[in-house]
Amino acid sequence: LTSPVYAVAFAGASASLFYSTTGGIWSHDLSTRNERQVFATADRENLGDGLEVSPDGRRIAFEVRDSDAHRSSIRAVLVTGSPAEVLYESDQAVRLTGWTGGSAPSLIFLQSVTTAPPVWELRALSLVNHTVTAVPFPSGIVRHLSVHPDGRRVAYSTVVPAVRLWVLQGAR
């Protein structure tokens, strides 16, 4: 590697590891050690820290920050490679945190509502009807958040040295 790695993610039970760098997203086959580029960024685009493989192992969702337009987006590509589909765009920063599975899959992400100090709200992006809804969650300064594979719980950390668990309202 010649540039920093921003995020890594395993593809379910398969032997693939995905990672994002300055130039795009790469796939690394753990059994053959072969690598291939899945997505290439444009010159003004910067990948964020979020890189998540869908529960079925078929898609990768990731964050992109456009340095010229000061916009953030969440995009998705097939793990086999495809043009990126823009799923969500915002003038505020977004941090992708995970997928929910089942018959109505969603992407869970944090969206910045203030910048100093950074306060984040939890949002869900339905991949069925492409709507974004606020998720009841204690907003505040969130350092990291992880969505459980069942989509019903999250673990998160704040500036306080502790890990907290939260059950999402309306969770099935």
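So, here's what we can say about the structure. (Residues numbered from 1 in each chain as written. Predicted model: local features only at pLDDT ≥ 70, side-chain atom pairs only at ≥ 80, totals over all residues. Heavy atoms only, no water.)

A word on the side chain of Arg-75
Next, step 1: With respect to the element layout, Arg-75 can be found in strand E7 (residues 71-78).
Next, step 2: By relative accessible area, which is 13% here, Arg-75 ends up buried.
Next, step 3: Engagement of the side chain of Arg-75 in a polar contact is seen with the side chain of Ser-73, the distance being 3.0 Å.
Next, step 4: The residues touching Arg-75, leaving out its near neighbours within four places in the chain, are Phe-39, Glu-45, Ile-60, Ala-61, Phe-62, Val-64, Ala-84, Glu-85, Val-86 and Leu-87. (Helix = DSSP H or I, 4+ residues; strand = E, 2+ residues; numbered from the N terminus. Buried < 20%, exposed > 50% of the residue type's maximum accessible area, 1.4 Å probe, protein only. Polar contact = N/O pair within 3.5 Å; in protein donor to acceptor, adjacent residues only side chain to side chain. Contact = heavy atoms within 4.5 Å.)

Let's talk about the sheet that holds E7
Next, step 1: Overall, antiparallel pairing links the 4 strands, which are arranged E5-E6-E7-E8 in an open sheet. Since the sheet does not close on itself, it has two edges, and those belong to strand E5 (45-53) and strand E8 (85-90), each with one partner. Going across the sheet, the axis of each strand differs from the next one's by a mean of 20°, ignoring polarity.
Next, step 2: In the sheet, E7 pairs with E8 via 5 bridges, with the strands oriented antiparallel. Paired with Ser-72 across the bridge in E8 is Ser-90. (Pairing = 2+ DSSP bridges. Axes fitted to C-alpha atoms, helices over the stretch in contact; angles between N-to-C directions.)

Quick look at the side chain of His-28
Next, step 1: Examined against the element boundaries, His-28 turns out to sit in strand E3 (residues 24-29).
Next, step 2: Beyond its immediate sequence surroundings of up to four residues, His-28 is in contact with Ala-15, Ser-16, Leu-17, Tyr-19, Arg-33, Asn-34 and Glu-35.

Description of the pattern of salt bridges
Next, step 1: Applying the stated criterion to the full structure yields 4 salt bridges.
Next, step 2: For Arg-58, the salt bridge is made with Asp-56, and the minimal N-O distance between the two is 3.9 Å.
Next, step 3: Judged by its relative accessible area of 55%, Arg-58 is exposed.
Next, step 4: Residue class for Asp-56 comes out partly exposed when judged on its relative accessible area of 47%.
Next, step 5: Linking Arg-71 and Asp-91 is a salt bridge whose minimum nitrogen-to-oxygen distance equals 2.3 Å. Here Asp-91 lies in the loop between E8 and strand E9 (94-100) and Arg-71 lies in strand E7, a separation of 20 residues in the sequence.
Next, step 6: Accessibility expressed as a relative area gives 28% for Arg-71, which makes it partly exposed. (Salt bridge = Lys/Arg side-chain N within 4 Å of Asp/Glu carboxyl O.)

Comments concerning the pairing of E3
Next, step 1: When strand E2 (residues 16-21) meets E3, the two strands line up antiparallel, connected through 6 bridges. Following the sheet pairing, Tyr-19 is matched in E3 by Trp-26.
Next, step 2: Between the antiparallel neighbours E2 and E3 lie 2 residues.
Next, step 3: Here 5 bridges tie E3 to strand E4 (residues 35-40), and the two strands are oriented antiparallel to one another. Bridge assignment links His-28 to a residue of E4, and that residue is Glu-35.

Read these as layout, nothing more, since geometry by itself doesn't imply function.
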